[in-house]
Amino acid sequence: EAAVTQSPRNKVAVTGGKVTLSCNQTNNHNNMYWYRQDTGHGLRLIHYSYGAGSTEKGDIPDGYKASRPSQENFSLILELATPSQTSVYFCASGVLGNAEQFFGPGTRLTVL
Amino acid sequence: GQGVEQPDNLMSVEGTFARVNCTYSTSGFNGLSWYQQREGHAPVFLSYVVLDGLKDSGHFSTFLSRSNGYSYLLLTELQIKDSASYLCAVRAYNYAQGLTFGLGTRVSVFP
């Protein structure tokens, strides 16, 4: 069974603080993705990765960095968190060419 | 660029059917996926279509017309537990870039 886990599941941060969201997958998938989901906007792609050591900008990368140190792990980093980054963040993995993506349970981030 | 449009809400009755429509515009198309998302949970993959026509997967079917930029998800023999949001997502030619999602259609099934 495909498995994508995220930590933390909930996070409250202060404006200007640094936030790191972590994602781990045991699917051995090459591609990993970070999305955020907001009412009125749906799921939007922030960053993605083709494999260990690679990160690419998605549709809304401003204010976010990503890190893929290994096949299994993909992190999303907010260096200077802002209230506009309050959202639910989903990590997903998929095999290149496969339109089926496996999503993690999500992280609810609140920036005060 | 890409745009994916879906109706916001759809109501139906248990034991009947519901058809969730999706229209898209894209500079490059390489297939369309449907996901189910229950409140407070992650999206779960249902189906992927890339060729025109109807694809039957039992409890649900998916249809695609590439020339019209249109797809639908047909849920049959509805159960209360089918109440959820259904997301349409388009894959670009550079499919490693991920998916472009619609806002989702909230389907409510009533007894």
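Preceding this paragraph is the structure being described.
Residues numbered from 1 in each chain as written. Chains lettered and ligands numbered in written order. Predicted model: local features only at pLDDT ≥ 70, side-chain atom pairs only at ≥ 80, totals over all residues. Heavy atoms only, no water.

*Asks:* Sorry if this is basic, but what is going on with the packing of aromatic side chains here?
*Replies:* Think of a pair of aromatic rings as described by two things: how far the centres are apart, and how the planes are tilted against each other in angle. Summed over all chains, the structure comprises 16 aromatic pairs over all chains. Measuring from centroid to centroid gives 6.3 Å for F90(A) and F103(A), while their planes differ by 85 degrees, and the two rings are edge-to-face. Of the two residues, F90(A) sits in strand β9 (residues 87-94) while F103(A) sits in strand β10 (residues 102-103), which places them 13 residues apart along the sequence. Owing to a relative accessible area of 3%, F90(A) belongs among the buried residues under this scheme. Judged by its relative accessible area of 11%, F103(A) is buried. Grouping aromatic residues by their ring pairs yields a cluster made of Y33(A), Y35(A), Y48(A), Y50(A), F90(A), F103(A), Y35(B), F45(B) and F101(B). Between R19(B) and the ring centre of Y72(B), over which it is positioned, the NZ or CZ distance is 5.2 Å. (Phe/Tyr/Trp six-rings, centres within 6.5 Å; stacked < 30°, edge-to-face > 60°. Helix = DSSP H or I, 4+ residues; strand = E, 2+ residues; numbered from the N terminus. Buried < 20%, exposed > 50% of the residue type's maximum accessible area, 1.4 Å probe, protein only. Lys NZ or Arg CZ within 6 Å of the ring centre and 35° of its normal.)

*Asks:* Quick question: what am I supposed to make of unusual backbone geometry here?
*Replies:* Note: most peptide bonds trans; most residues except glycine with negative phi. With an omega dihedral of -5 degrees, the bond running from S7(A) to P8(A) counts as a cis peptide bond. Mapped onto the elements of the fold, P8(A) is located in the loop between β1 (4-7) and β2 (10-13).

*Asks:* Sorry, what's going on with the state of the cysteines here?
*Replies:* The term disulfide refers to a covalent linkage connecting the sulfur atoms of a pair of cysteines. Residues and elements named next belong to chain A. Counted by the stated rule, this structure contains two disulfides over all chains. Disulfide pairing is shown between C23 and C91; the S-S distance is 1.9 Å. Note on the C23 and C91 pair: the S-S dihedral is about -80 degrees, so by sign convention the disulfide is left-handed. A residue pair is termed long-range when its members are at least 10 positions apart, and C23 in strand β3 (residues 19-25) and C91 in strand β9 qualify at 68 residues. (Disulfide = S-S within 2.5 Å.)

*Asks:* Please clarify how the pattern of salt bridges should be interpreted in this entry.
*Replies:* Pairs may arise between side chains of opposite charge once their charged atoms sit close together. Residues and elements named next belong to chain A. Overall, the coordinates contain five salt bridges over all chains when judged by the stated rule. For R44, the salt bridge goes to D38, with nearest N and O atoms at 3.0 Å. Relative accessible area serves as the criterion here: at 15%, D38 is assigned to the buried category. What emerges from the salt-bridge pattern is a single network uniting R36, D38 and R44. (Salt bridge = Lys/Arg side-chain N within 4 Å of Asp/Glu carboxyl O.)

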